[in-house]
Each structure stands twice: as structure tokens, then as C-alpha cells.
Amino acid sequence: MTSTAVTPIPKVDYTTTPHPSGVQALSLKDAPALIESLLPVQKLSIDVYKERMAGSGQTLTALGSYWKGRKPLVLNRACVLASLLPVTDNPIKDLEVFELLMGMDDVSMSKRLARAKPEEIVRTAKIPDIHAYFVVDPPGHYVPSSAPFNVNDYPYLKNGREIAPKLRWRSDVSETKQHEVAALTFEFDTYHDLAADAKRAEEVGDELSSHIWTRVNQHLGTNAFSFPELVEQLGVMRFGHRPTVADTFSGSGQIPFAAAQLGCDVYASDLNPVACMLTWGAFNIVGASVERRQAIEREQSELVARVKAEIDALGIESDGNGWRGKVYLYCLEVTCPSSGWKVPVLPTRMVSKSKSVYAKLVSVPTEKRYDIELVSDATAAEMKAAEQGTYRKGDVVHFVNGVEHVNSIASIRGDYTEMVHGKKVKRNRLRMWDKSDVVFRADDIFSERLYAIQWIKELPEGDTGRAPTEYRTVTQSDLDRESRVTAYVQAHLAEWQDKGWVPDTRIEPGDKTDEPIRTRGWTHWHHLFNPRQLLSFGLINSGRTAAGFINLGGALNYSARLSRWAWQRDTINSIFDNQALNTIYNYGCRGLIYTLGPYLSNYASTPLLGSVRVISSPANAIDYCSDVFITDPPYGDAVKYEEILEFFIAWLRRNPPAEFSNWTWDSRRELAVKGEDHDFRLSMVAAYKRMAECMPDNGIQILMFTHQDGNIWADMANIVWASGLRVTAAWYLVTETDSALREGSYVKGTILLVLRKRLGAKRTNQTDLAYELEDEVAEQIQRLTGMNDTVASDSKRAKDGNLFEDADLQMAGYAAALKVLTKYSIIDGKDMAQEALRPRVPGQKTLVESLIDFATDTSNKMLVPLGLDESVWHELEPAERFYLKMLEQESHGLNKLDNYQNFAKAFAVRNFSALMANEHANKAALRSAQDFGRAEMNQSSELYQTPTRAVLYALMDLQAGKDLDVVIKGLEQNLKVGAFYSSRDLLVAIARFIGKKVEVMRPDEASAARVLADGIENQRM
Ligand SMILES: C[S@@+](CC[C@H](N)C(=O)[O-])C[C@H]1O[C@@H](n2cnc3c(N)ncnc32)[C@H](O)[C@@H]1O
């Protein structure tokens, strides 16, 4: 396996030269990193969500919105910082400093909210002496000296009018102090509330962190006044030099870009050249210096002007009256087998909702075909009728002389199946296109026709107003222009393919690439583009500049035979919205001016300081070293990058610009990490083994992956093992869902595994492992809940709720299991690195899986609900634990069924359905005391004779108005014989707990619970 030789990033070695800041090289050499001890996952999830919701406003998205699965910059930044920061003996201070660095503290939040407005501050903040901060305008005018108050309540008279006084900051109040005062208004706002209105930290710029450095330096012993300085000093303290961060699965470059923004030296590599190109763009366009950016923009404007002149000279896009074609709409046409008519295949006849335009099919019986006329300003009834087209659920439908003809596309295409090597393969009678084809041939089953054009008025030079647009029926002149385009492209195709301006490669069959071949007969990538598109993109691509290449990728995503026309919004949707290459019956084609839009894209600009290298290499063959690796490998076939990106590679592969010429312009499908089976594990191991080799002994890795199912943990343990690594921590973040609020423990999110090299060859056996696992789980959970308690006792922090939720604590179980397991090389005499690579036997649980199950069960059992004493918890049966735990969750409004399922599994409840009133996915709920009625009282129930069931029964009776003494007698009888007297404390605790948890949901049951608890207690006195 080969990889491109990499010019190493030069480093100053501060183990031999003192660092100018005075920090001591290698003083943190073996210190655990912050991310191995804590991470404020809740706040981070909120910021991740904010970044995701920014959509196209995300910093790097404009470089290639077709790239799916971008890892948010804020998460990547957190990973870099938390890998470099040390853990100290003061975790709360560690947390504070981390939050300062992430712009999560109150002062930063005030800056993110631009909140330092005096009149707003005094309206809500408690300030004993406002004159310490503000001067009143007009001077001497009375306002109260202590806030809160509303300035509008203290007006002064000017020219007979009441005017509210103004407050101005005193000149001796620093900007930081202003924000500190502004932050007093946050007393009741949670981080979640505040973040909703705030800018993202990265949007504020350097002033966001101007207030943090003294506190940061004090805590860390550094001498830094910017991120690059801090990162360098932490790197020197840990590794002896400015730290290097690498990502071997760089994709769109989100991880390496975040590291470079912080000032790290960065290596970014990927197998796929499109990924390398986007990463390059992140560094060299978004991250370019101001001068370089201006040069790129000049170069792109020149390109646009040149291509426009060439198209104008051909006269194929203008109507000759000052209007240009903006969007051309095409549809397939087929010959209806039952009528012999040529019928346009239109899933809808709608053309534009905003302009009330639809396509009217006008019969031409003499020629057995339809003209298509556009009707503008149509009535609502006409538009409604036009929603239906000739294509309906797989059929082509039209009427001739009142007779309906319905024929399926499948029958028109001649679909059939054939057995090939015992497998059914779909075939049809479509002609497979030749390399020289650009349009369907006359005798093909399908043909294609232009059926509408959206025109845009050309405005005079310098007029930046909004140009009017209109839709028009296709005329003979339009068709003549179409023929000219086709003829021109046919005449030049071979030459352009030769020069690499348009694609010349075959579409390799595959999961995602089969569809265009099978459903249209398109065999080469250029067949996915019509002549007009080939002409525009071919001319643009003749420019072959690096930025131009990146822009071309963006433009291709919006104009191909696969681009869906969105008549609801007068726009063309992007092809890669669903990460597939779906063929469609009608599509939109951008005119040149519209196509050239992205070429003048206003990309974000954040010049970078560190050194960066982009390398085209499979992860298992990298030839560079790095202190930190942060990676997000493909998992579970989420996106088949190696197939779908061939759509772009086909355009870019020949004669790439110098910057990209060392890369392998091929998707190298066979080398891609993919799937989730044995081969996936082998290729992951090869990659992570190589990274472990290329990392110093005190190096650190963060491996990100999307949470899927239980098996993944065993997979990951095996991969880590066989790669010579060990897990030191695991974190769970909500990243993929539309809600950053925890809705249950199995919400789709991202897991961060923190990895170190496994040094030495430790041995253990299963028995010792079990004890160690139990201890580790207990320690992790106690540590996290301990931090929750500390936070809860801090008046400022308490409002944000727990630092770690149940999902994080459950995660602690997995983390503990992986941590303990992967520390050992040999278990029961077996070499685990080898054992890990053994193919799985379906249906058989491996040792690793059993140990992981054991650890997670242990952790789940420790999840004592808040408000219940641990001693009570330990006396309960599994079904009782489940009931009381879920009651606690319901009291927080958590009603996701998967959460109930997970806890039922964790607590070993056999039939949790028996305890449920509702099992809907998002509205799951336990039975109340009344819902239970007399159910679950017999021997077959998991709640039989348990204190919890007896209490619930008693609550039902009390709510039914029964006498307390009678109810307590009944309660006695519902328990095991003689159990009542020894269980009285337990019964009281359970009743009080239920009372508290159902207070809001079921006040009557809550009041019955209080009566019962008091009753049992009084009886004892
Ligand atoms: C999940 S994506 C990474 C996404 C990236 N973190 C981002 O934010 O855009 C996985 C990447 O792994 C790359 N890849 C797949 N197999 C690879 C291999 N064997 N070596 C290197 N990269 C590979 C894919 O091309 C893809 O870019």
C-alpha cells in the first residue's frame, strides 16, 4: 500500500531549548487529560445543536453543502482543548477553566448575547448601587440607586413631554466588568435558555476571550493571551513542542480545521480526494490570509467573466430581448403502449407556486403527442388540479378521447428479473448509452424534452437590484438554441473529455450507483448531465484553479439530470440531500448565470496560524506522526462516501490543479472502511494500529462514532484491543437529533472514546475482572454523581441542572467496561489482540460482550433515583426498581419508550409491559395506582407481594375513599406474611417517594401517598 510522502511540519524542540513563556517542557508529560476525567456534555450538546441549526451559516458548509455528516466545529474544538488540558485536584476549577475557553461562562455569554445595555440590565438585575457602574443622563436626574427598576418609571420633562432617562456606563468600568454586571440578569436563565438567543462562540471573534486569560493562566501555570499561545504552551508542557493534531478520516475537514483555528499544527488525510479537496479549501480558502483571499476572489471573478463571454458568443442563453435563461425544466417522455401517444412523464404539472404557473398538456391528435403550454396567474382550482401530473405511483396516465390509459413505467421499460448465481437481478430493455451519447436517441424507450423556461431580466451594469423573472412556454427559438447546444457539445465532447474538462469514466456499479445505470441506461458519469450542463461545466472546468475546482463541486450539486425542481419555492434542490443518486422524471437545469453563483461565494474568513498539511492517503498507510489523533471514521454504512463522491471525482480527476495533483483522484472503493462486519473491523484495526504506531507513548486519541446498538461496544472494544490501544474514558453527546434536550438514553448521538497506547502486557482472569469491573463502575458513577452534587450546591450553577444525566451515567458503565477490559493484553491466558480479530459466530455471545453486559448492568443498578435512600434501593426487587426509577424520569417529562426498554433490560425486568399504561414511542407512561386496579397481585407478577405493589394498592383504596385503618390492614395482607412490621420504614420511604414524584402528574395520588406515609408512621408511635 502506498501513500504520498509528506513533508513533515518543522518543530522546535523545547526539551532542549527553554520556551519563551517560561513553561516547563514535559511538566504535563504523564498528566491525564481533562477529557479523561470530565466534559460538560450537557452544555456542549446545546452548543453543538446551535451550530447544526445554523445550517448554511456554519463556517465550512459553503465549501461543499453536499458533504453530509460534518462534525460540529464546537465539538471538535472541545476535543482538542480537553485533550491538551490537564486534570488537576480541583475538578470544579478545571471545569470553570474549560468553560471559559469554550465561551460558556457568564461573561462570555453576555458577550454572545450583546447584553451590556444599561437600561435592560437595571430592569432585571439586582444591583445594590447602580452609581458604581452607571451615570444618569440627564445628570442629577433621580432614579433609584438600587436595581431592579424600569427607567420608564422615572421620566423627566422636556418641552412638555415625558422622556425616560438614559443610563451610560461609567468610563472607569471595564468592558469585562460591564459584561459581569450584565450577567447578573442571568440569575434565573439556564444555559439552554441563554444559548437559544446567543451567537455561537465562534461568531464573536477574539474579544470573546479577552477576559479569560488571567484566570486561565493562574489555574494552568501558563502565560498565554491567545489560543495559539495557550495551545503551544500546553503542547510544550505535555509533548515538548507545539502540539500536532491529526485526523486520518478528515472528510470535509471539520476536525482538523478546528484544531488549526486553535493554533495546533495539523495533518489531515483521507482516502477520498473530494474530502482532501474540501479540507484543503477549509485551510486555504476559509483559513486564508486576507491578501490570499482577495487574490482568490479576483481569480474567480475573471473565470466567471471569461465563461460568460464564451456562452454569450455562442448565443444560446439569451432571448435576444434582454432576458437570460435562469432555469430550464426538462422531463422524460415515453410512448404510451396502449394509445401510441408520446406522453411527457410529469409527477406534477406545477411549475411555480409563487407565480401560479402550471404546465397545460394540449393534445395534438394528428401527431399523437402533446404540446406543453405554460399557464400563468392560474386560479387556485387550476393550481390544485395541476398538482396531479401524468406520472402516478409508478404509472404513466393520460386520456385519449375520454379513455384513460394507464401503463406502468416498469412495463414500458420492460423490467424483468433474472437469476444470476442464485440471486435475483433486476433487468430491463433500456439501451445502455455509449460514451459519445449526450441525449437519448430517437428509438430509445425514453426521450427527454424541455417543457418550461424561467427567464431573468438582465440588469444594466452596476444595477444591484433584484432582477424580475418570468416563466414562459418553450418556443421554436428555444428549441433551436437547444439543438445548437447539443450539436456543439456533441462536436466537442471527445476533445473536452480528452482534456479532462468533462467526465469520461464509466459508472462503477454499486449500492448507490446502480440506479442511474438500471433505470436510465446511463453508463458514464457525463450521462447524468444534459448538453447545456456539460457545456457550462466544461467551460468552467477548463479554468482548473484550486478554488475553481471546489466551486465546481458546489455547482454540480445543483444542476444535473438528478436535480429536483422545487416548484413550491422556485428553486432547484441539491442532489445530495439524501446521499443517493436517485433518478427522477423531471428536473431543473441552471442557466449559466445561476450556475456561476457559487463562484463568487462569500465564504467565511478566519485566517489560520498553525501549519497544515492535507494528505491523500488511506488511514492504515499514513506516513506522518502526531501527538493527538481525533477521528470520526465511517461507521455502519451511514453514508457511502466512496460511491457517491465518484459523481464529483469524475469531473475533477483529470489534470487537477497543482495543489491537488499529488492526490489519488480515485475513490479507491476497495480501500474504504465500510460496512459493520468482520472486514469493517479488520480495516478499522489496520487504521488504528497505524495511528498508534505514529503517536508518542503519551499521545492521546479521540475516536468519535454514532451510537447505534449494543453490539457496537463489543466491536469498539475489539478494535481498540487489536490496535494496541486502551480506552480511558467515554462521553456521550446529542449531536444528530433535532433536540439537544435529553429525551431518553438512546437518542441518536455521538460517542467520544478517549484512547491511549496500551503499554506493557498486563494479564488477568475473568474472576478478577468481574470484581475490577464492579469497582470501576462504582468509582465512575460516584465520581460523576459527586460532581453533580457539587454543582447542585453551587448557587450559580445549580439552575442548569445536573452536569451529568442518567444517559451519561449509563455511558459510565460502558466506559468502565472498556476501560478495564482494554487495559489487559491477556485474559485467562488468551492474547486479546488476536482474540479480538476472530470472526463472530452469529447468535453466540463473546466473552467481551458478556463482560460489557455485566458492567452496564452494574452501572444501571447504581442509578438510584433522586429522593430515594440508597439503603431502600438495595432492598427492592428489580420490578420495583424499574417502577420507581421510571416514575422519577416521568416526573421530569421523559416519556420515551426506548428509555423504559433500556431500563427494563438493565434491571432485568422480564415483562415491563405489565407495568405500563401506555407504550407509545414518545408518550410511554407507567400505570398509576388506579390504573393498576387489582392487576399484578398474583404470583405470576414480578411485583407480587412487593412493598411497592402493596403501597400502590393502598393508594388506590385511599383514592376510592376507604378508611385509612382499613387500608393499612389491607396493605399488611398484601405483603409476605409478617413482613409489614419489618418493612414499615421501607413502606414509608416508598410512599413518600411516590408522593413527591406524582405531585404534578397526579395530585390526588400524591396526597393519598402522604396520608398513607403519615398513617404508617403514626401507627408505629
Ligand atoms: C464520517 S466521515 C468523516 C467526516 C468528517 N469528520 C467531517 O466532519 O466531515 C469518514 C471519512 O472517512 C473516509 N475514509 C473511508 N475509508 C478510509 C480509509 N481507509 N482511509 C482514510 N479515509 C477513509 C471517507 O472518505 C470519509 O471522508
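Before going into details, it helps to say that this report is about the structure given with it. (Residues numbered from 1 in each chain as written. Predicted model: local features only at pLDDT ≥ 70, side-chain atom pairs only at ≥ 80, totals over all residues. Heavy atoms only, no water.)

This part takes up the overall build of the protein. A tally of helices and strands in the protein yields 37 helices and 31 strands. For a compact globule of 1021 residues, the expected C-alpha radius of gyration is about 31 Å, and the protein comes in at 34 Å, within 12% of that figure. Referenced to the eigenvectors of the C-alpha coordinate spread, the extents of the protein come out at roughly 105 × 90 × 70 Å. Within the protein, buried positions represent 56% of all 1021 residues. Expressed as a percentage of contacts within the protein between residues at least 6 apart in sequence, the contacts between residues at least 24 apart total 72%. Charge separation in the protein, taken as the distance between the mean sites of 118 positive and 133 negative side-chain charges, equals 3 Å. (Helix = DSSP H or I, 4+ residues; strand = E, 2+ residues; numbered from the N terminus. Rg over C-alpha atoms; globule rule 2.2 N^0.38 Å. Buried < 20%, exposed > 50% of the residue type's maximum accessible area, 1.4 Å probe, protein only. Contact = heavy atoms within 4.5 Å. Lys, Arg positive; Asp, Glu negative; His and termini not counted. Charge placed at Lys NZ, Arg CZ, Asp CG, Glu CD.)

On to the pattern of salt bridges, then. Taken as a whole and judged by the stated rule, the model has 54 salt bridges. The salt bridge partner of Glu1017 is Arg992, with a shortest N-O separation of 2.9 Å. Of the two residues, Glu1017 sits in helix α37 (residues 1003–1020) while Arg992 sits in helix α36 (residues 984–997), which places them 25 residues apart along the sequence. For Glu1017, a relative accessible area of 27% corresponds to the partly exposed category. Look at Arg992 and you get partly exposed, because its relative accessible area is 30%. Residues joined by salt bridges that share partners form a network here, namely Lys308, Asp312, Glu317, Arg324 and Glu458. (Salt bridge = Lys/Arg side-chain N within 4 Å of Asp/Glu carboxyl O.)

So, about the nonpolar core. Among the nonpolar cores identified, the biggest contains 273 residues, and Phe647, Leu753, Phe882 and Leu1012 are the most heavily contacted of them. With sequence-adjacent residues up to four places away left out, Phe647 is seen in contact with Trp525, Leu528, Phe529, Leu556, Ala560, Ile575, Phe576 and Leu581. Core analysis: the second largest hydrophobic core is formed by 22 residues, Met350, Ala359, Tyr471 and Trp567 among them. (Core = buried A, V, L, I, M, F, W, Y, C linked by side-chain atoms within 4.5 Å.)

Okay, the side chain of Asp94 next. Relative to the assigned elements, Asp94 resides in helix α3 (residues 91–101). Buried and without a salt bridge, Asp94 has Arg783 as its closest oppositely charged side chain, separated by 8.7 Å. Polar side-chain contacts of Asp94 include one of 2.7 Å to the side chain of His219. (Polar contact = N/O pair within 3.5 Å; in protein donor to acceptor, adjacent residues only side chain to side chain.)

A word on the site of the ligand. Residues in close proximity to the ligand total 24 residues, the closest being Lys71, Ser252, Asp270, Ala619 and Asp632. One of the side-chain nitrogen or oxygen atoms of Asp270 is found 2.7 Å away from an oxygen atom of the ligand. One nitrogen or oxygen atom from the main chain of Leu671 is found 2.9 Å from a nitrogen atom belonging to the ligand. Looking at side-chain class alone, the shell around the ligand contains 12 nonpolar, eight polar and four charged residues. (Near = heavy atom within 4 Å. Nonpolar A, V, L, I, M, F, W, Y, C, P; charged D, E, K, R; others polar.)

A few words now on the packing of aromatic side chains. With the rule as written, the count across this model stands at 38 aromatic pairs. Note on Phe576 and Phe648: the rings are 5.1 Å apart at their centroids and 35 degrees apart in plane angle, and the pair reads as tilted. Remark: Phe648 occurs in helix α22 (residues 646–652) and Phe576 occurs in the loop between β20 (571–572) and β21 (586–590); sequence separation between them is 72 residues. Residue classification places Phe576 among the buried positions, given a relative accessible area of 1%. Looking at Phe648, the relative accessible area reads 0%, which means it is buried. Among the aromatic residues, those joined into a ring-pair cluster are Tyr66, Trp525, Phe529, Phe537, Phe576, Phe647, Phe648 and Trp651. Across the ring face of Phe227, the terminal group of Arg77 is positioned such that the distance to the ring centre comes to 4.6 Å. (Phe/Tyr/Trp six-rings, centres within 6.5 Å; stacked < 30°, edge-to-face > 60°. Lys NZ or Arg CZ within 6 Å of the ring centre and 35° of its normal.)

Where helix α34 (residues 964–973) is concerned, the buried positions are Val967, Ile968 and Leu971. Within α34, the buried residues cover an arc of 95 degrees as seen down the axis, which keeps them to one side. α34 presents Asp965, Lys969 and Gln973 as exposed residues on the side facing more than 90 degrees away from its buried surface. At the N-terminal boundary of α34, the capping side chain belongs to Asp963, with an oxygen 3.1 Å from the backbone nitrogen of Asp965. (Arc of directions from axis to C-beta.)

Looking now at the pairing of strand β10 (residues 357–364). Here strand β9 (residues 350–352) runs beside β10; their pairing, made up of two bridges, is antiparallel. Paired with Ser352 across the strands is Val357, a residue of β10. Once β9 ends, the chain turns through four residues before running back antiparallel as β10, passing Ser356 with a positive phi of about 50 degrees. Bridging between β10 and strand β11 (residues 369–375) involves seven bridges; their strand directions are antiparallel. Bridging across to β11, Val362 finds its partner in Asp371. Counted between consecutive antiparallel strands, the loop separating β10 from β11 contains four residues, among which Lys368 sits at a positive phi close to 50 degrees. (Pairing = 2+ DSSP bridges.)

The geometry of helix α12 (residues 273–286) relative to helix α19 (residues 546–556) is characterised by a closest axis approach of 10 Å and an angle of 125 degrees between their N-to-C directions. By the angle between their directions, the pair α12 and α19 is classed as oblique. Note on packing geometry: the crossing formed by α12 with α19 is left-handed. Contact with α12, carried on its side by Met277, Trp280, Gly281 and Ile285, involves Ala546, Ala547, Phe549 and Ile550 of α19 and no other residues of that element. Class assignment of the residues belonging to the contact of α12 with α19 gives a composition of seven nonpolar, one polar and no charged. (Axes fitted to C-alpha atoms, helices over the stretch in contact; angles between N-to-C directions. Parallel < 35°, antiparallel > 145°, perpendicular 65-115°, else oblique. Left-handed = near helix turned anticlockwise from the far one by under 90°.)

So, on to the environment of Arg520. Secondary-structure assignment places Arg520 in helix α17 (residues 514–520). Classification of Arg520 by relative accessible area gives buried; the value is 2%. When the C-alpha positions of Arg520 and Leu430 are compared, they lie 7.0 Å apart, and in sequence the two are 90 residues distant. Contact partners of Arg520, with chain neighbours within four places excluded, come to Leu332, Arg413, Leu430, Arg431, Trp433, Phe440, Phe446, Glu515, Thr583, Ile584 and Tyr585. Reaching out from Arg520, the side chain makes a polar contact with the backbone oxygen of Ile584 at a distance of 3.0 Å.

Here we take up the state of the cysteines. Applying the stated criterion across every chain yields a total of zero disulfides. Considering cysteine sulfurs only, Cys264 is the nearest to Cys79, which forms no disulfide, with 12 Å between them. On the basis of relative accessible area, Cys79 is assigned to the buried category, the value being 1%. Between Cys276, a cysteine without a disulfide, and Cys694, which holds the nearest cysteine sulfur, the sulfur-to-sulfur distance is 17 Å. (Disulfide = S-S within 2.5 Å.)

Just geometry here; none of it tells us what the structure is for.
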